[in-house]
Amino acid sequence: MRLTLSEPKYLKDSISIISELVNEAKLRISRDGIELVAMDPANVAMVIFKLLPTAFTEYDVEKPADIAINLANLRQIMRRAGPADMLTLELDSNKLKVQLKSSSTRTFSLPIIDMEDKDQKVPELSFPVNIELDSMVFNEAVNDADIVSESVNLIAEPGKLTLQAEGDLNSAAIEIRDSESAKVAAKEKTKAKYSIEYLKKMIEGSKLSDRVLIQFNKDYPLKITYSTVDKVMMAFILAPRVDTD
């Protein structure tokens, strides 16, 4: 196995984002690309990631391999990758070898760890609400809601998405209307509540794409997807917060 990226940011940023949610994970490397599906330790959020072969300048995989790694350790190595570096991944016995090459050649080895041999399954979800908008607009809305509360209500209705947050004294409402840059597809008013702590980690996906797809249903998991054509896809599934009163 030998994989070379001339744009290391796709792997660097992805590992940085994923490691905020997951400590250890299994990378599946096949001819279809590098894939990861993992749950956070609290079983509240799932991350789904795919880095496509077309993102690489060299993609040589003879047979599929599952590599379990400590993501915090990999993130530390990835932080050393500069925009001008050529990043190469190789398997060397029981280690993942990461080489960064520009004016110098730096080589790091990361141990492959043992993990439970349990594959995470991506749940089949159906969404009546589909919203596509500029990722920075969604980032700003989540950060606005974060000022007043730990959770936010997403309220979709025909032609409009509202993020609504309420604290002990303060409240915030951010309206995003259907426009050329925001496409809101909702047949009826639909409302669900989610954790802002998790959302703030997920909106880092905006590093990978300037557009975001938001899908949800009443008191139902939320799915957020960032993708760059022929390069990378990262999606998150977040369990809802359901009021018990």
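(A) Seen up close, the packing of helix α1 (residues 9-18) against helix α2 (residues 71-78). Taken N-terminus to C-terminus, the directions of α1 and α2 make an angle of 145°; their axes are 9 Å apart at the nearest point. The hand of the α1/α2 crossing is left-handed. Residue-level contacts link L11, K12, I15, S16 and I18 of α1 to L71, L74, R75 and M78 of α2. Its residues assigned to classes, the contact of α1 with α2 shows 6 nonpolar, 1 polar and 2 charged.

(B) Representation of the side chain of Q99 within the structure. For Q99, the location among the structural elements is in strand β8 (residues 95-101). Among all residues touching Q99, those that are not within four sequence positions of it are M86, L87, T88, T105, R106 and T107.

(C) Spotlight on the sheet that holds strand β13 (residues 171-177). In space, the 4 strands of this open sheet follow the order β13-β12-β11-β15, with antiparallel pairing throughout. Lying at the two open borders of the sheet, with one neighbouring strand each, are β13 and β15 (190-195). The average angle at which neighbouring strand axes cross in this sheet is 20°, direction not considered. Pairing between strand β12 (residues 160-166) and β13: 7 bridges, direction antiparallel. Pairing of K160 across the sheet is with R177, part of β13. Each of β11 (151-157), β12 and β13 is contacted by helix α3 (residues 135-146), which is oriented at about 165° to β13, the strand it contacts most.

(D) Spatial organisation of α3. For α3, which comprises 12 residues, the first-to-last C-alpha distance of 17 Å matches the rise-based estimate of 16 Å (1.5 Å per residue) to within 8%. What α3 keeps buried is the set S135, F138, N139, A141, V142 and A145. For α3, the arc enclosing every buried residue in end-on projection is 165°, short of the 170-degree limit, so these residues lie on one face.

(E) Inspection of unusual backbone geometry at higher detail. Positive phi outside glycine occurs at N43, with the angle close to 60°. Of note, N43 is situated in the loop between β3 (33-39) and β4 (45-51).

(F) Structural context of α1. Judged by how many residues are buried, α1 sits mostly within the fold: 7 of 10 residues are covered. Where α1 is concerned, the buried positions are Y10, L11, D13, S14, I15, I17 and I18.

(G) Local environment of the pattern of salt bridges. One pass over the structure, following the stated rule, counts 14 salt bridges. Here K231 ties to E7 by a salt bridge, and the two come within 3.2 Å at their closest N and O atoms. Separated by 224 residues along the polypeptide, K231 in the loop between β17 (222-228) and β18 (232-238) and E7 in the loop between β1 (2-5) and α1 bring together distant segments of the chain. Its relative accessible area of 32% is what places E7 among the partly exposed residues. When salt bridges that share partners are traced, they join R2, E58, E90 and K97 into one network.

Conventions used here
- Along each chain, numbering runs from 1 in the same order as the chain's sequence is written.
- For this predicted model, a pLDDT threshold of at least 70 governs which residues receive local features, and a threshold of 80 or more governs which side-chain atom pairs are given and counted, while totals over whole chains, interfaces and linings are taken from all residues.
- As a rule here, side-chain values cover all heavy atoms of the structure and leave hydrogens and water aside.
- Each axis is a line fitted through C-alpha atoms, taken for helices only over the stretch in contact, and angles between the N-to-C directions span 0 to 180 degrees.
- Every helix listed is a DSSP run of H or I at least four residues long, and every strand listed is a run of E at least two residues long, numbered separately from the N terminus.
- Two helices that cross are described as forming a left-handed crossing if the nearer one is turned anticlockwise from the farther one by less than a right angle, and a right-handed crossing if clockwise.
- Contact between two residues is taken to exist if any of their heavy atoms lie within 4.5 Å; hydrogens are not considered.
- Three classes are used: nonpolar for Ala, Val, Leu, Ile, Met, Phe, Trp, Tyr, Cys and Pro, charged for Asp, Glu, Lys and Arg, and polar for all others, with Gly counted as polar.
- Any two strands are treated as partners once DSSP identifies two or more bridges connecting them.
- Between the first and last residue of a helix there are one fewer steps than residues, each counted as 1.5 Å, and that sum is the expected span.
- For every residue, the accessible area obtained with a 1.4 Å probe (protein chains only) is divided by the maximum for its type, and the residue is called buried under 20%, exposed over 50%, and partly exposed between those limits.
- Taken from the helix axis, the directions to the C-beta atoms give the arc we talk about.
- Definition used for salt bridges: Asp or Glu carboxyl oxygen within 4 Å of a side-chain nitrogen of Lys or Arg.

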